[in-house]
Amino acid sequence: TKSKPGFTLNNRNIGIIAVAAVAAIAIIIGCFFIFGGRSYKDVVKDYFKATEKADAKLMMELLPSDLIKYVMKEEDMTKKEMTEELQDSLDSLHRYYDEVKISYEITDTEEFDKDDLKDIKETYKEIGVKVKDAMVVEVEVTMELDGSERTTEQELTLIKVGGSWYLDIEDIF
């Protein structure tokens, strides 16, 4: 019998396919970490969700991990203690009101100017956090507290570390 020329599945070809598949997966994962971090809109959404639900764990996720480690070391506290302290702060709103509902609308964003960006980069560099960018997000916040509604303006300072945006610690504590 004559064999037809072309592709045959042998150990060498299987190895090439496996290496190519692993490389493709690594590239996809790498692109996610480089380009696909948390957006500033997600940070704002999670900030107000954590505030409304008094969810300290979610709020802690909005801080860079190196910042959390630094605060734990400087304040000689565990992550659990830090979370509990933040929980106490978040619970204060719920101590006075039985029903808390928060809605918001981002009204403007403002990039840091060169000097302000340099300052915040230096501040965070001292604690081991490499800030790539920073911005102020202006938000119109409507709070419904036990049926009474109040609307205010709020500014949140966000920092970009790696491919993700985070809250500036000053906006939490």
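Anything mentioned here points back to the structure above.
Since we're looking at a predicted model, the values are computed, not measured. (Residues numbered from 1 in each chain as written. Predicted model: local features only at pLDDT ≥ 70, side-chain atom pairs only at ≥ 80, totals over all residues. Heavy atoms only, no water.)

K.L.:
Got a minute to help me understand unusual backbone geometry in this structure?
P.N.:
Phi is mostly negative for residues that are not glycine, and the peptide bonds are mostly trans. Phi at D76 is positive, roughly 50°, even though this residue is not glycine. Of note, D76 is situated in the loop between α4 (65-75) and α5 (79-96). The phi dihedral of D146 is positive, around 50°, even though this residue is not glycine. You can see D146 is positioned in the loop between β2 (131-145) and β3 (148-161). (Helix = DSSP H or I, 4+ residues; strand = E, 2+ residues; numbered from the N terminus.)

K.L.:
Would you explain the pairing of β3 in this entry?
P.N.:
Side chains on a regular strand alternate between the two faces of the sheet. Where β2 lies against β3, 14 bridges are found, and the strand directions are antiparallel. When the sheet's bridge partners are listed, V141 is paired in β3 with T152. Between β2 and the antiparallel strand that follows it, β3, lie 2 residues; D146 among them carries a positive phi value of about 50°. Note that β3 and strand β4 (residues 164-167) share 4 bridges and pair antiparallel. Counterpart to I159 in the pairing with β4 is Y166. The turn joining β3 and β4, which pair antiparallel and follow one another in sequence, is formed by 2 residues; a positive phi near 65° is taken by G162. (Pairing = 2+ DSSP bridges.)

K.L.:
Help me understand the sheet that holds β4 in this model?
P.N.:
Pairing is antiparallel in the open sheet, where 4 strands are placed in the order β1-β2-β3-β4. On the outer flanks of this sheet lie β1 (100-111) and β4, each paired with one strand and no other. Adjacent strand axes in the sheet meet at a mean angle of 35° when their direction is disregarded. Those strands touched by helix α6 (residues 114-125) are β2 and β3, and its axis lies near 95° from that of β2. (Axes fitted to C-alpha atoms, helices over the stretch in contact; angles between N-to-C directions. Contact = heavy atoms within 4.5 Å.)

K.L.:
Can you walk me through helix α2 (residues 40-53) in this structure?
P.N.:
Residues spaced three or four apart along an α-helix point in a common direction, a consequence of the helix completing one turn every 3.6 residues. Taking 1.5 Å per residue as the helical rise, α2 with its 14 residues ought to reach 20 Å, and the 20 Å between its terminal C-alpha atoms agrees with that figure. Among the residues of α2, V43, V44, D46, Y47, F48, A50, T51 and E52 are the ones counted as buried. Count one or two residues on from α2 and you reach A54, which has phi positive near 55°. (Expected span 1.5 Å × (residues − 1). Buried < 20%, exposed > 50% of the residue type's maximum accessible area, 1.4 Å probe, protein only.)

K.L.:
Looking at this structure, I do not really get the packing of aromatic side chains. What am I missing?
P.N.:
Describing an aromatic ring pair means giving the distance of the ring centres and the angle of the ring planes. Per the counting criterion, the structure on display carries 2 aromatic pairs. Ring centres 5.0 Å apart and planes at 80° place the aromatic pair Y47 and F48 in the edge-to-face group. Here the two residues Y47 and F48 agree in accessibility, since each one is buried. Geometrically, the ring pair formed by F48 and Y104 is stacked, given 5.0 Å between the ring centres and 20° between the ring planes. With F48 in helix α2 and Y104 in strand β1, this residue pair connects regions lying 56 residues apart in the sequence. A residue is classified by how much of its surface remains accessible, and Y104, at 31% relative accessible area, is partly exposed. (Phe/Tyr/Trp six-rings, centres within 6.5 Å; stacked < 30°, edge-to-face > 60°.)

K.L.:
Just checking my understanding: could you explain the pairing of β2 for this structure?
P.N.:
Looking at chain direction, β1 and β2 are connected through 11 bridges and run antiparallel. Bridging from a neighbouring strand, T109 pairs with V137 of β2.

K.L.:
Would you mind showing me how to read the pattern of salt bridges here?
P.N.:
Applying the stated criterion across every chain yields a total of 3 salt bridges. A salt bridge links K69 to D66, with the nearest nitrogen and oxygen atoms 4.0 Å apart. Of this pair, K69 and D66 both sit in helix α4, 3 residues apart, which is roughly one turn of the helix. You can call K69 exposed: its relative accessible area is 52%. Take D66: its relative accessible area is 37%, and that puts it in the partly exposed class. A salt bridge links K101 to E99; the nearest nitrogen and oxygen atoms lie 3.4 Å apart. (Salt bridge = Lys/Arg side-chain N within 4 Å of Asp/Glu carboxyl O.)

The values reported here are purely geometric and, on their own, carry no functional implication.
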